[in-house]
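# Understanding the architecture of this molecule
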Amino acid sequence: MDLMLRECRLPGGELVDIGLGEGVIEAIEPRLAATAAREINVAGKLVSPPFVESHIHLDSALTAGQPRWNKSGTLFEGIEIWRDRKQSLSLEDVKARAIATLKLQAQQGVLFVRSHADVSEANLSALKALLEVRDTVKDWITVQVVAFPQDGLYGSPGNLDLMEAALKLGADAVGGIPHYEMTREDGVQSVHRIFELAQHYDRLIDIHCDEIDDDQSRFLEVVAACAVRSGLGSRVTASHTTAFASYNNAYAFKLMGLLSRADINFIANPLINITLQGRTDTYPKRRGVTRVKELWQQGLNVSLGHDCVQDPWYSLGSGNMLDVASMAVHVCQMTGQDEIVACYDMITTNGAKTLAVQDAYGLEVGKPANLIVLDADSPYEAIRRTATVTHVFSRGKLLVQTQPAEVTWQNAHEG
Ligand code: FE2
């Protein structure tokens, strides 16, 4: 074995040694007799599979304030600003910001990322850049790219061709934005087209679905029906679904039955949607985050994403998935102990399921040696204290190490 991690606290509470060799997890036992070239005793700290960032826009990351700040804070002003900023996109510009953001994420324990790439710009610069980045970084972080038609598949002539070109270039998933299409009919048609493209090119689906407070925005039912009829099920993801929070309960309960049948994945982005949604409300203001707790209680797969890190829609964002989980705990009122642990699952194992990367993910013998050590002894403590990720192991190698902050009280204040 190349590396032995001693006294690792697994998310379920068990204390084990973990042996790594040739890039894979070779052994997990309560006490391993074998030795390794290098040994690290983590002294009972939490050792977890890495964080999964299910939903981010790497092409717009780190552009906040360019060419101007979003004054209203709304989604729609963000789309306007991005329309201007993307006129000056170049491959180098996107690649540099994407890699800087991936490093920010990786140093905080993220080793799997699904990024959307805007494909409503004629040169497809964002998409080409992110496909290059996916390849450049593949030895230390896994990136998936969704071809995302920010201005709608039917918003301008030529957008459908751009989507198809993006899939031919190698995008991993087909995206969409039905609630932003010009009409309800265009929105429905866009969902059908997305499923046809996914089947034709054998790709995953991840649709920005009903990211609006309009209680009449009901494209989730269209996505779910298409998933049932096509049999694509778990290869399909509905991102955001914020309107679900505004639906009347009679409709929501009916919809929940269809969602169970469809077996699709859901991604909530609580940092962004708590700030973007409810902007047209007076009081009471809606939270605008989808029904995370109810979906989880229904046994459906929910994962969490940042969505934005310093871009026209959100000038904040740390790249730290524990911030995302903490916001979900608060906004979705998931403060019970099992609910907090469920939110930790949403940034780890559930994310891996959404990305369909389970074969390469998890603390199991034979799996690739991707794991993180946190300065905490449980998922609950990790979220409560936004614990430092002290070690990030990627493909069996130590990728990043971070020292937790050290606090020293002075003598005069002791006791
Ligand atoms: Fe998004």
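Keep in mind that what you see is a predicted model, and the values were worked out from it rather than measured. (Residues numbered from 1 in each chain as written. Predicted model: local features only at pLDDT ≥ 70, side-chain atom pairs only at ≥ 80, totals over all residues. Heavy atoms only, no water.)

Let us now look at the nonpolar core. Soluble globular proteins tend to bury their nonpolar side chains together. Core analysis: the biggest nonpolar cluster contains 113 residues, and F51, F195, L259 and I264 have the highest contact counts within it. Counting the residues that make up this core, at least three belong to each of domain 1 (3-49 + 362-401) and domain 2 (51-360). Dropping the residues within four chain positions of it, L259 is found in contact with L220, A224, F244, I264, F266, L295 and L300. I28, V42, V47 and L371 belong to the second largest nonpolar core, which has 17 residues in total. (Core = buried A, V, L, I, M, F, W, Y, C linked by side-chain atoms within 4.5 Å. Buried < 20%, exposed > 50% of the residue type's maximum accessible area, 1.4 Å probe, protein only. Domains from an automatic or database assignment. Contact = heavy atoms within 4.5 Å.)

Okay, the state of the cysteines next. Applying the stated criterion across every chain yields a total of zero disulfides. Unpaired in this structure, C209 has its nearest cysteine sulfur neighbour in C226, at a distance of 11 Å. When its relative accessible area of 0% is taken as the criterion, C209 is described as buried. (Disulfide = S-S within 2.5 Å.)

What follows covers the coordination of the iron ion. Bound to the iron ion on the protein side are H55 (NE2), H57 (NE2), H208 (NE2) and D307 (OD), at distances that span 2.2 to 2.4 Å. Around the iron ion sit four donor atoms, and with donor-metal-donor angles ranging over 84 to 177° the site reads as irregular. The sequence motif formed by the donor residues of the iron ion is H-x1-H-x150-H-x98-D. Across the pair, H57 and H55 agree in class, each one buried. (Donors = N, O, S within 2.8 Å, 3.2 Å for Na, K, Ca; no water. Tetrahedral: all angles 85-135°; square planar, octahedral: opposite > 155°, others 65-115°.)

Residues of helix α6 (residues 220-230) that are buried: L220, V222, V223, A224, A225, C226 and A227. Buried residues belonging to α6 abut α5 (184-201), β10 (204-209), β11 (236-240), α7 (249-262) and β12 (265-268). Following α6 by one or two positions, G231 has its phi on the positive side, about 75°. (Helix = DSSP H or I, 4+ residues; strand = E, 2+ residues; numbered from the N terminus.)

The next thing to look at is the domain arrangement of the chain. In many reports, interface size means the accessible area that the parts give up when they come together. In terms of domain boundaries, the chain breaks down into domain 1 (3-49 + 362-401) and domain 2 (51-360). Spacing between the C-alpha centres of domain 1 and domain 2 amounts to 30 Å. Here domain 1 packs against domain 2, burying approximately 1,800 Å² in sum over the two surfaces, 67% of which is carbon and sulfur. Along the contact surface separating domain 1 from domain 2 lie zero salt bridges. Among the secondary structure elements, those contributing two or more residues to the side of domain 1 that touches domain 2 are β5 (46-48), β14 (371-374), α13 (379-384), β15 (389-394) and β16 (397-401). Among the residues making up the side of domain 1 that touches domain 2, the classes are represented as 15 nonpolar, five polar and two charged. (Buried area = accessible area lost by both parts, 1.4 Å probe. Salt bridge = Lys/Arg side-chain N within 4 Å of Asp/Glu carboxyl O. Nonpolar A, V, L, I, M, F, W, Y, C, P; charged D, E, K, R; others polar.)

Let's shift gears to the sheet that holds strand β8 (residues 142-148). The eight strands lie next to each other as β6-β7-β8-β9-β10-β11-β12-β13, forming an open sheet whose pairing is parallel. Either end of the sheet is taken by a strand with one partner, and the two such strands are β6 (51-56) and β13 (301-304). If you compare each strand with its neighbour and ignore which way they point, the axes differ by 25° on average. Two strands pair when backbone bridges link them, and strand β7 (residues 110-118) and β8 are joined in this way by seven bridges, in the parallel orientation. Bridging across to β8, F112 finds its partner in T142. (Pairing = 2+ DSSP bridges. Axes fitted to C-alpha atoms, helices over the stretch in contact; angles between N-to-C directions.)

One can expect most non-glycine residues to show negative phi and most peptide bonds to be in trans. Cis rather than trans, the peptide bond between Q66 and P67 has omega equal to -5°. Inspection of the secondary structure puts P67 in the loop between β6 and α1 (75-85). A cis amide bond, omega 0°, links Y283 with the succeeding residue P284. Following the sequence through the fold, P284 ends up in the loop between α8 (270-276) and α9 (292-297). Positive phi outside glycine occurs at E7, with the angle close to 55°. Residue position: E7 is located in strand β1 (residues 3-9).

Enumeration according to the criterion identifies six aromatic pairs in this entry. Ring geometry for F76 versus Y180: centroids 5.9 Å apart, planes at 20°, classification stacked. With a gap of 104 residues between them, F76 in helix α1 and Y180 in the loop between β9 (173-176) and α5 connect regions that are remote in the sequence. Look at F76 and you get partly exposed, because its relative accessible area is 39%. Arranged with centres 5.7 Å apart and planes meeting at 40°, the rings of F244 and Y247 form a pair that is tilted. A connected cluster of aromatic rings, assembled from ring pairs, spans F244, Y247 and Y251. Above the plane of the ring of F219 lies R184, whose end atom (NZ or CZ) is 4.9 Å from the centre. (Phe/Tyr/Trp six-rings, centres within 6.5 Å; stacked < 30°, edge-to-face > 60°. Lys NZ or Arg CZ within 6 Å of the ring centre and 35° of its normal.)

Side chains N265 and I267 project from β12 onto one buried face, and the interleaved F266 and A268 project onto a second face that is buried too. Here three bridges tie β11 to β12, and the two strands are oriented parallel to one another. Bridging across to β12, T237 finds its partner in N265. You can see the chain leave β11, run along α7 and come back into β12, and the turn it takes is right-handed. (Right-handed = clockwise from strand over helix to strand, strands pointing away.)

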